[in-house]
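Here's the letter readout for the chains.
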Amino acid sequence: MPHTNKASAPVSVDIPGLEGRYVDLDGYTVGFETYKADADPAGFFRGLPDDRCQCPHWGVVLTPVLTAGTEIIEFSPTEALDATMTVVGANLAAAAGASS
């Protein structure tokens, strides 16, 4: 059976406010996310249906407003997560460009 933990998952996102470590285990992405600052990620989902994440997650935080020190472990179907993260990545890039 595949396995992972926070220390062994590769870091694939390290931006101001967020470090994300992700690994695909047989079609499910396990994500370990650490928020370094307060965040409201709702805007990053603009462009998805209803401007909301369409990917199912297990281990969901009940509110999308994240405070510094929040850590999340989530398990998501990789294909659905990849489609969502394509839009989120473009929104993150646009936000970074607007703040510089």
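So, here is what we can say about the structure in this document. Bear in mind the structure is a predicted one, so any value in this text is a computation, not a measurement.

One non-glycine residue, Asp50, lies in the positive phi region at around 60°. Along the polypeptide, Asp50 turns up in the loop between strand S3 (28-35) and strand S4 (71-77). Residue Asp50 is classed as exposed on the basis of its relative accessible area, which comes to 68%. The phi torsion at Asp51 lies on the positive side, around 55°, for a residue other than glycine. The residue Asp51 is located in the loop between S3 and S4 in this model.

This brings us to the pairing of S3. Note on strand geometry: in a regular strand, side chains alternate between the two faces of the sheet. In terms of burial, S3 is largely enclosed, as seven of its eight residues are buried. Sheet analysis places strand S2 (residues 18-25) next to S3, joined by eight bridges and oriented antiparallel. Bridging from a neighbouring strand, Gly20 pairs with Glu33 of S3. The loop that links S2 with its antiparallel partner S3 comprises two residues; one of these, Asp26, has a positive phi angle of about 55°. Judged from the seven bridges that link them, S3 and S4 form a sheet pairing that is antiparallel. Residue pairing in the sheet places Gly31 in a bridge with Glu74 of S4.

Cut-off values and rules
- Residues numbered from 1 in each chain as written.
- Predicted model: local features only at pLDDT ≥ 70, side-chain atom pairs only at ≥ 80, totals over all residues.
- Heavy atoms only, no water.
- Helix = DSSP H or I, 4+ residues; strand = E, 2+ residues; numbered from the N terminus.
- Buried < 20%, exposed > 50% of the residue type's maximum accessible area, 1.4 Å probe, protein only.
- Pairing = 2+ DSSP bridges.

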